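The chain contents come next:
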Amino acid sequence: MKQTASALPDSAAIAPSDYVIIGGTGDLALRKIFPAFFYRYLDGQVTDAFRFVAAARKTGTLDEFIAKLRPFCEDAIASCQDGEAQFAQFMKLVSLTTLDVGTGKGGEDLKAFIDERISDARPVIFYMAISPALFGASCQLLQKVGLVTPSARLVVEKPLGHDAASAKAINDELRAVFDEDSIYRIDHYLGKETVQNLMALRFANTIFESQWNNTSIDHIQITVAESVGLEGRASYYNHYGALRDMIQNHLMQLVCLVAMEPPAQFQANQVRDEKLRVLRALRPVNPEQLSDNLIIGQYGEGHVNGTKAASYETELGEPSKIDTFAALKLYIENWRWAGVPFYIRTGKRMALRASEIVVTFKKRSHDIFANGATSSGDLPNQLVIRLQPQEGLRLQLISKQPGPGGMRLFPSELNLSFDDTFKTRLPDAYERLLMDVARGNQTLFMRHDEVMAAWDFMDPIIAAAAEKAPEIYPAGSFGPAAQEQLFDGTNAGWQAPVIDKE
Ligand code: BG6
């Protein structure tokens, strides 16, 4: 049965809040943050009582800001009949102010600006859309001018450090000014609808829980494939690479959600406690066994979606040993998961953009159809959770082929496409996360100890990877051939995500 999108539920209502985006005229603000607010405005979740301040060293005029922002709001404008009028109305909620967090210039003005407009009781959310190197100075400035009030909240996002030591330094700077309860560390993967659905799948259905362990599950694969390359971020990316940019945060969070124990309640600290337990149960990767557990690669030239693509080094303009692909085999040492390998991988310039989690169950222990099964009828059950695009769930079952000829078995699928089922646009991760900050809900944000535990696990792996030369893979492939070695000793192998033509 198809369901249509319902009107905004009562539970979505949010008290009017004020957002100050520091770095508010930059790329992240224009591409992600303001379009997310505008979508929420169109939905009625953000009302005319909200206020948005874009603070930056050089702001220009509001008209110039609107002209820069508009291209990123086109889809939203086109999504409703009075989109133009709504955009104009929304922009009346936005102001610009100059602020130099390096020198502190503009801090007093920001304070006066905020004091003039809002009451103490309203949440004031400071979003740091700036380099982490400036987080500490920004927090101190906010404190100095008296903006760190009980209703103030702080939003930061990756890169939260380059390694455990630098992550600790950043965390210390934030926590010297804001309480942990007021700090919202974004990992935007947690805001994706399908990632939240993973928790609904596991903890709102009874049928999976009894199977969700090492008795029933053979192994788990997580692939986050991207078709894009450097996207003009060379100076950042060439210092980070796939292990730091994607594995330490997004993929680790996915591992946590797949593997965590059910919290007693869906409550921020309970969820985060369970995720932390997973991170702490990861078996440290012994550097001597690194080649059995880690493969890194870098894209060479090739073709992506039929278009010629340059190699990473050509895009970068210099030689580099950085990893644009990483695949890792992990073990979680607890009763539920002992002995179940988790294979995780991510890469840029891969054949397509697709992220999915594949849970492969163990084969049947005894086959009463041994004489009739075709080789494909011998396949294990699999649950495929497609995170993006074409979000949904597929459960691979074995059925009987119709018609005469005996018990001929073949694999078939139960397919839940979120698009067909819910007939609604899936909000961007930022929409959910930005609203959760105003709501004071930290469930989908990382606590400082989670960030640290992920770095503690990754640091020795990253250090050892730095000694290896990445294997070159052709742009438009699924990464280096050597990644199959991770499955050594098993007859499994990486499963490439398949997407229908969009
Ligand atoms: C970011 C990484 O955190 O996530 C980028 O820095 C990456 O390198 C992006 O492209 C992927 O996000 P998404 O939502 O497009 O899967």
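All of the points below concern the structure found in this document. (Residues numbered from 1 in each chain as written. Predicted model: local features only at pLDDT ≥ 70, side-chain atom pairs only at ≥ 80, totals over all residues. Heavy atoms only, no water.)

Section: the pairing of strand β1 (residues 18-22)
The buried count for β1 comes to five of five residues, which makes it a mostly enclosed element. Of the two faces of β1, the one holding Asp18, Val20 and Ile22 and the one holding Tyr19 and Ile21 are both buried throughout. As defined by bridge partners, β1 adjoins strand β4 (residues 124-128) across five bridges and the pair is classed as parallel. Bridge pairing in β4 links aspartate 18 to valine 124. Note that β1 and strand β2 (residues 51-56) share five bridges and pair parallel. Its bridge partner lying in β2, isoleucine 22 is registered against alanine 55. Between the parallel elements β1 and β2, the chain passes through helix α1 (residues 27-43) in a crossover that is right-handed. (Buried < 20%, exposed > 50% of the residue type's maximum accessible area, 1.4 Å probe, protein only. Helix = DSSP H or I, 4+ residues; strand = E, 2+ residues; numbered from the N terminus. Pairing = 2+ DSSP bridges. Right-handed = clockwise from strand over helix to strand, strands pointing away.)

A few points about the packing of aromatic side chains
The geometry of an aromatic ring pair is captured by two quantities: the separation of the ring centres and the angle between the planes. According to the stated counting rule, one finds 22 aromatic pairs in the structure shown. Ring geometry for phenylalanine 38 against phenylalanine 90: centres 5.4 Å apart, planes inclined by 45 degrees, an arrangement best described as tilted. Pair noted here: phenylalanine 38 is in helix α1 and phenylalanine 90 is in helix α3 (residues 83-91), with a separation of 52 residues, a long-range link. Given the relative accessible area of 0%, phenylalanine 38 is considered buried. Given a relative accessible area of 0%, phenylalanine 90 falls into the buried group. (Phe/Tyr/Trp six-rings, centres within 6.5 Å; stacked < 30°, edge-to-face > 60°.)

Thoughts on helix α2 (residues 62-78)
Of all the bends in α2, the largest measures some 60 degrees and sits at phenylalanine 72. For α2, the full list of buried residues reads Phe65, Leu69, Cys73, Ala76 and Ile77. (Bend = angle between axes of the 7 residues up to and from the residue.)

Overview of the packing of helix α6 (residues 164-175) against helix α15 (residues 448-465)
At a closest axis distance of 9 Å, the pairing of α6 and α15 adopts a crossing angle of 170 degrees. The orientation of α6 relative to α15 falls into the category roughly antiparallel. Read as a crossing pair, α6 and α15 show a hand that is left-handed. Residues Ala164, Ala167, Lys168, Asn171 and Arg175 of α6 lie in contact with α15, whose contacting residues are His448, Val451, Met452, Trp455, Asp456 and Asp459. For the contact of α6 with α15, the residue count by class is five nonpolar, two polar and four charged. (Axes fitted to C-alpha atoms, helices over the stretch in contact; angles between N-to-C directions. Parallel < 35°, antiparallel > 145°, perpendicular 65-115°, else oblique. Left-handed = near helix turned anticlockwise from the far one by under 90°. Contact = heavy atoms within 4.5 Å. Nonpolar A, V, L, I, M, F, W, Y, C, P; charged D, E, K, R; others polar.)

Some thoughts on the sheet that holds β1
Sheet strands associate in pairs through backbone hydrogen bonding, adopting either a parallel or an antiparallel arrangement. The strand order across the open sheet formed by six strands is β3-β2-β1-β4-β5-β6, and the pairing between neighbours is parallel. This sheet does not close on itself; its edge strands, each paired only once, are β3 (94-98) and β6 (183-186). Direction aside, the axes of adjacent strands within the sheet are offset by 20 degrees on average. Examined bridge by bridge, strand β5 (residues 152-157) and β6 share four bridges and lie parallel to one another. From the neighbouring strand, valine 155 faces β6, where its bridge partner is tyrosine 184.

A look at the site of the ligand
Within the structure, the ligand sits among Lys158, His188, Tyr189, Lys192, Glu226, Arg233, Asp245, Met246, His250, Lys348, Arg353 and Gln388. Here an oxygen atom of the ligand and a side-chain polar atom of glutamate 226 are 2.5 Å apart. The side chain of lysine 348 places a nitrogen or oxygen atom 2.7 Å from an oxygen atom of the ligand. The protein chains hide 82% of the 390 Å² of surface that the ligand would expose on its own. Here the shell around the ligand takes three residues from helix α9 (residues 234-259), the largest share from any one element. Of the residues in the shell around the ligand, the class split is two nonpolar, three polar and seven charged. (Near = heavy atom within 4 Å. Polar contact = N/O pair within 3.5 Å; in protein donor to acceptor, adjacent residues only side chain to side chain. Areas by Shrake-Rupley, 256 points an atom, 1.4 Å probe, with all protein chains shown as cover.)

Regarding the sheet that holds strand β11 (residues 325-330)
Here we have nine strands laid out as an open sheet, ordered β16-β15-β14-β13-β7-β12-β11-β8-β17, and mixed in their pairing. Edge positions in the sheet fall to β16 (409-417) and β17 (471-474), since each of these pairs with one other strand and no more. Between one strand axis and the next, the sheet turns through 20 degrees on average, direction left out of account. Against the sheet, helix α7 (residues 193-203) touches β13 (354-361), β14 (382-388) and β15 (392-400), its axis set at about 150 degrees to β14.

A few points about the pattern of salt bridges
As enumerated under the stated definition, the model contains 29 salt bridges in all. Close ionic contact of aspartate 172 with lysine 168 constitutes a salt bridge, the shortest N to O distance being 2.8 Å. Here the residue aspartate 172 and the residue lysine 168 both occupy positions in helix α6, the gap between them amounting to four residues, near one helical turn. With relative accessibility at 39%, the residue aspartate 172 sits in the partly exposed group. The partner of glutamate 333 in a salt bridge is arginine 283, with the nearest N and O atoms 2.9 Å apart. Highlighted residues: glutamate 333 in the loop between β11 and β12 (342-347) and arginine 283 in the loop between α10 (268-281) and α11 (290-293), separated in sequence by 50 residues. Owing to a relative accessible area of 48%, glutamate 333 belongs among the partly exposed residues under this scheme. Judged by its relative accessible area of 37%, arginine 283 is partly exposed. Among the charged side chains, a salt-bridge network with shared partners connects Arg40, Asp43, Arg425 and Glu431. (Salt bridge = Lys/Arg side-chain N within 4 Å of Asp/Glu carboxyl O.)

Quick word on the side chain of serine 477
On the secondary structure map, serine 477 appears in the segment after β17. At 2.7 Å, the side chain of serine 477 forms a polar contact with the backbone oxygen of proline 474.

Nothing here speaks to function; it is geometry throughout.
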